[in-house]
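# Descriptive analysis of the structure
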Amino acid sequence: MMIRSFSVARTVPICLTATPIASLTSSFPHLHQHNTTHKRHACQIHHPTKLGQLRAKLRGYGQGHIELDFNHSTGLALLTLHNPEKHNALTGKMMAELADCVDLLEEVTVPSSSASFASKAHGSSNDATRSIPALHPESKLVLKSAGHKIKNLGQEHVSLLDGLVGIIVSGANHKSYCAGLDLSAAKTTLLTPQAGSEMAALMVSTLTRFLRLPVVTIAAIEKAAIGGGAEMTTFCDHRCLADQAKVQFVQTQMGVVTGWGGASRLLGIVSRSHALRLLSAAEPIRGGLEAQQMGFSQVTAPMGKAVEKATEYMQSYVWERSPSKESEGSRRCVPAVRAMKQIISHGLDDERIERVSELEKDLFKQLWGGPDNLARVAAASSKKK
């Protein structure tokens, strides 16, 4: 049994420098394979060392954690943003753990790491020699199986991950899905243009990598997704809103723009005119029905039932014939479902997405921590007291 540990410096989709791709791939040979596999455009520069350093730096800011239950139900994992005291707002620590989580999911789902599917399809198995991924030693990502915490992945857990076709993302304890960025732990440190640029770089990378995973994803949204939390609704393939939930891009009210790639992704979800109203005028989406009417979401749930309804919605990706008292049911072909998601992902306009994401990051850096932003943050903080 082999144990394979993640390097904190993973390949990541974001333009950080003007360094030619050829020079980077000579320094990091694995990048050539990544670019060939995913057919990236010339604007995309991978800089794993830089983003690894940013991840390590942000890991020390704040509380909360990310949970991944990879056996939420058959074929489905549940990724939970866990910071309920702050309405599940993200801290620097949680950003780093979210990147750790995507590392793990890439390791067990991307084709180069899932060669076992081919052998299983032909009736053979190499489980005895399968490598078992291990998280970076500094990661505090919480792993679960069917609701129970586990310390380390074992062979039985890898077998479950082999059958993964979908991921549900939610906030903890039926609280808000995500209230954006939690500044309470390090406000003076994080409210600077440099910190804004670093957060944006890591988050755009992490969320883009998540969106391109070869599994189907859905955001289960309770109560509120505000600011950065609204951006966090756009990195999934589907959305399920509780009937009283609210999604609002409040960035202009805080004197900034979207910094985590939310605008570029939103343009692929709703019409240009809807995106303009949601982003520039900070118009809220109120409830699942309104969200479905504009094409933002696919499912509406009663309050407190978003995860349950999202799980129901995802069953069609898991089963050809659902289990019953009379039958064990019939699973869809996992490699085929994953391959279809890959086709859909490659059909996205990567060049436009990455160009707009890079513009977002640059404009965010110019505005984040500026006089107008600081004044609006201070005013918002005083209202809460």
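Because the structure is a prediction, the values reported are computed rather than measured.

Criteria and cut-off values
Residues numbered from 1 in each chain as written. Predicted model: local features only at pLDDT ≥ 70, side-chain atom pairs only at ≥ 80, totals over all residues. Heavy atoms only, no water. Helix = DSSP H or I, 4+ residues; strand = E, 2+ residues; numbered from the N terminus. Buried < 20%, exposed > 50% of the residue type's maximum accessible area, 1.4 Å probe, protein only. Contact = heavy atoms within 4.5 Å. Areas by Shrake-Rupley, 256 points an atom, 1.4 Å probe, with all protein chains shown as cover. Axes fitted to C-alpha atoms, helices over the stretch in contact; angles between N-to-C directions. Parallel < 35°, antiparallel > 145°, perpendicular 65-115°, else oblique. Left-handed = near helix turned anticlockwise from the far one by under 90°. Nonpolar A, V, L, I, M, F, W, Y, C, P; charged D, E, K, R; others polar. Expected span 1.5 Å × (residues − 1). Salt bridge = Lys/Arg side-chain N within 4 Å of Asp/Glu carboxyl O. Core = buried A, V, L, I, M, F, W, Y, C linked by side-chain atoms within 4.5 Å. Pairing = 2+ DSSP bridges. Phe/Tyr/Trp six-rings, centres within 6.5 Å; stacked < 30°, edge-to-face > 60°. pLDDT = per-residue confidence, 0-100.

### Observations concerning the overall build of the protein chain
- Within the protein chain, the regular secondary structure consists of 16 helices and 15 strands.
- For the protein chain, buried positions account for 55% of its 385 residues.
- Sequence-distant contacts, at least 24 apart, represent 75% of the contacts inside the protein chain between residues at least 6 apart.
- Total accessible area computed for the protein chain in this model is approximately 16800 Å², and 56% of it derives from carbon and sulfur atoms.

### Section: unusual backbone geometry
- With phi around 55°, H87 is a residue other than glycine that occupies positive phi space.
- The phi torsion at A146 lies on the positive side, around 55°, for a residue other than glycine.
- Inspection of the secondary structure assignment puts A146 in the loop between β5 (142-145) and β6 (148-150).
- Its relative accessible area of 45% is what places A146 among the partly exposed residues.

### Examining the packing of helix α4 (residues 92-109) against helix α8 (residues 193-211)
- Running from amino to carboxyl end, α4 crosses α8 at an angle of 30°, the nearest separation of the two axes being 10 Å. Classified by the angle their axes make, α4 and α8 are roughly parallel. Crossing geometry of α4 relative to α8 is assigned as left-handed. Of α8, the residues touching α4 (which contributes M95, A96, L98, A99, V102, D103, L105 and E106) are M199, L202, M203, T206, L207, R209 and F210.
- Each residue belonging to the contact of α4 with α8 can be placed in one class, and the counts come to 11 nonpolar, 1 polar and 3 charged.

### Description of helix α13 (residues 306-318)
- Taking 1.5 Å as the rise per residue, α13 with 13 residues should run 18 Å; its terminal C-alpha atoms sit 19 Å apart, in good agreement.
- Of the residues making up α13, those classed as buried are A306, V307, A310, T311, M314 and V318.

### Some remarks on the pattern of salt bridges
- By the definition in use, this model includes 16 salt bridges.
- K57 is paired through a salt bridge with E198; the nearest N and O atoms lie 3.1 Å apart. With K57 in helix α3 (residues 48-58) and E198 in helix α8, the pair connects residues that are 141 residues apart, well separated along the chain.
- E198 sits in the buried class, given a relative accessible area of 10%.
- Of the charged contacts in the structure, one is a salt bridge between E106 and R209, with a shortest N-O distance of 2.9 Å.

### Re the nonpolar core
- L79, I167, F210, M232 and F296 are the most contacted members of the largest nonpolar core, which has 70 residues in total.
- Tallying contributions element by element places α4 first for this core, with 9 residues.
- Beyond its immediate chain neighbours, meaning those up to four positions away, I167 contacts A77, L79, L105, F210, L213, V215, V216, T217, I218 and M314.
- Counting 18 residues, the second-largest nonpolar core is a separate cluster that includes I168, I218, A220 and V307.

### Structural notes on the sheet that holds strand β12 (residues 285-286)
- Read across the sheet, 3 strands follow the order β9-β11-β12 without closing on themselves; strand pairing throughout is mixed. A single partner strand is all that each edge strand has here, and the edge strands are β9 (224-226) and β12.
- In terms of strand pairing, β9 meets strand β11 (residues 246-248) through 3 bridges, oriented parallel. Each bridged residue has a counterpart across the sheet, and for I226 the counterpart in β11 is Q248.

### What about the packing of aromatic side chains?
- One pass over the structure, following the stated rule, counts 2 aromatic pairs.
- For the pair F364 and W368, a centre-to-centre distance of 5.1 Å together with 25° between the ring planes defines the contact as stacked. Here F364 matches W368 in class, with each residue buried.

### A short note on the pairing of strand β10 (residues 238-242)
- Counting buried positions over the 5 residues of β10 gives 5, a clear majority of the element.
- The alternating pattern of β10 places H238, C240 and A242 and R239 and L241 on opposite faces, both of which are buried.
- Of the pairings in the sheet, the one linking strand β8 (residues 216-221) to β10 comprises 4 bridges and is parallel in character. By the bridge assignment, A220 is partnered in β10 with C240.
- Judged from the 3 bridges that link them, β10 and strand β13 (residues 299-301) form a sheet pairing that is parallel. Looking across to β13, one finds that C240 is bridged to V299.

### A closer look at the confidence of the model for the protein chain
- Summary statistics for the protein chain give a mean pLDDT of 83 and a share of 81% for residues scoring 70 or more.
- With pLDDT under 50 throughout, residues 1-46 is counted as low confidence; its partners more than four residues away or in other chains account for 114 contacts.
- For residues 113-128, every residue scores under 50 in pLDDT, and the model assigns this stretch 20 contacts once sequence neighbours within four places are set aside.

### Some thoughts on the side chain of T80
- Position of T80 among the secondary structure elements: in strand β3 (residues 76-82).
- For T80, a relative accessible area of 7% puts it in the buried group.
- Apart from residues no more than four positions distant in its own chain, T80 is found in contact with H65, I66, E67, S170, G171 and A172.

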